[in-house]
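Residue-level listing of the chains:
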Amino acid sequence: MLELKNLTCGYGTFEAVDDLSLTLQPGTITALLGANGAGKSSTLMCIAGHVQLHRGGIAFEGRDIGALPPPDRVRLGLAISPEGRRLFKDLSVEDNLRVGGMIRPKTDFPQDRDKVLSLFPRLGERLASLAGNLSGGEQQMLAIGRALMARPKLLMIDELSLGLMPKVIDLCYRALQKLREEGLTILLVEQNTDRALSVADQVCVLESGRTVWRGSAQDAARDPDLAAAYLGLH
Ligand code: ATP
């Protein structure tokens, strides 16, 4: 589905991510883990086309997308729920969903909106509310829902559980599992490593932009050195 080959990206001459190679199989969840500043968000934003690719390649379904502008990547099937959610706070929930579905024919809107609402019924009760008036959990659901409106094949989510109550985190993680069952490929950035390991198929750990560990989630959970050094688990 997605192949990162020696991806190096950053800001000006600064390299936030150095030489990252990672392959995402269709219908799987990959967790990108690491401390603050490790380069997780930069990786997602580079795949989406918002952070400059310095070297290496990004192939999506076998096609080199490294030079494509962000909207073209969305059209190919790549969507992101970014760090901080970046909702249109003065627009209603429904209009935020509408923006997410802008690349789709207008006639798809009711069906795609209803699919998001079946995943997150709470949003159905808040359709006319301004996004800025939603709770943190509702905003996270809306950010994911807005990304899903583009009918992506690959969904990238930055900091899924940050600042959310455990009940809402459960709900979001159940949604991810459901989406994977439907065949969606997911790349998840998390600081909450326990949660991420509980659903991930594959794990990649970054430290200061470099890959320090990559493998199955099962092996990650069993590796005591990895757990203590990088994942904050004991
Ligand atoms: P966090 O959880 O804190 O967001 P992260 O693992 O997602 O951490 P990034 O946000 O990708 O890390 O940051 C990686 C490096 O790039 C850091 O050193 C950060 O200071 C730097 N960086 C991030 N955004 C910018 C920017 N817009 N301009 C310059 N440097 C940046």
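Structural data are supplied above this passage.
Keep in mind that this is a model prediction, so the values were computed, not measured. (Residues numbered from 1 in each chain as written. Predicted model: local features only at pLDDT ≥ 70, side-chain atom pairs only at ≥ 80, totals over all residues. Heavy atoms only, no water.)

## A closer look at the overall build of the protein
- The number of helices and strands found in the protein is ten helices and ten strands.
- The globule rule puts the C-alpha radius of gyration for 234 residues at 17 Å, and the 17 Å found for the protein is close to it.
- Of all 234 residues assigned to the protein, the portion counted as buried reaches 52%.
- Taken together, the 27 basic and 28 acidic charged side chains of the protein have centroids lying 5 Å from each other. (Helix = DSSP H or I, 4+ residues; strand = E, 2+ residues; numbered from the N terminus. Rg over C-alpha atoms; globule rule 2.2 N^0.38 Å. Buried < 20%, exposed > 50% of the residue type's maximum accessible area, 1.4 Å probe, protein only. Lys, Arg positive; Asp, Glu negative; His and termini not counted. Charge placed at Lys NZ, Arg CZ, Asp CG, Glu CD.)

## Some points on the packing of helix H6 (residues 136-148) against helix H7 (residues 166-181)
- For the pair H6 and H7, interaxial distance at closest approach is 10 Å and the crossing angle is 15°. By the criterion of interaxial angle, the relationship of H6 to H7 is roughly parallel. Of the two possible hands of crossing, H6 and H7 adopt the one that is right-handed. Taking contact as the criterion, the partners of Gly137, Gln140, Met141 and Leu148 in H6 are, on H7, Val168, Leu171, Cys172 and Leu179.
- For the contact of H6 with H7, the residue count by class is six nonpolar, two polar and no charged. (Axes fitted to C-alpha atoms, helices over the stretch in contact; angles between N-to-C directions. Parallel < 35°, antiparallel > 145°, perpendicular 65-115°, else oblique. Left-handed = near helix turned anticlockwise from the far one by under 90°. Contact = heavy atoms within 4.5 Å. Nonpolar A, V, L, I, M, F, W, Y, C, P; charged D, E, K, R; others polar.)

## Focus: the state of the cysteines
- The final tally for this structure, using the stated rule, is zero disulfides.
- Free cysteine cysteine 9: the closest other cysteine sulfur is in cysteine 46, separated by 4.1 Å.
- We classify cysteine 9 as buried; its relative accessible area is 0%. (Disulfide = S-S within 2.5 Å.)

## What about the side chain of asparagine 96?
- With respect to the helices and strands, asparagine 96 occurs in helix H3 (residues 93-100).
- For asparagine 96, a relative accessible area of 0% gives the class buried.
- Beyond its immediate chain neighbours, meaning those up to four positions away, asparagine 96 contacts Leu87, Phe88, Leu91, Ala131, Leu142 and Arg146.

## Focus on the packing of H3 against helix H4 (residues 109-119)
- Two elements in contact, H3 and H4, have axes separated by 10 Å at closest approach and are oriented at 115°. Two packed elements cross with a definite hand, and for H3 against H4 that hand is right-handed. On H4, the residues touching Glu94, Leu97 and Arg98 of H3 are Phe109, Arg113 and Val116.
- For the contact of H3 with H4, the residue count by class is three nonpolar, no polar and three charged.

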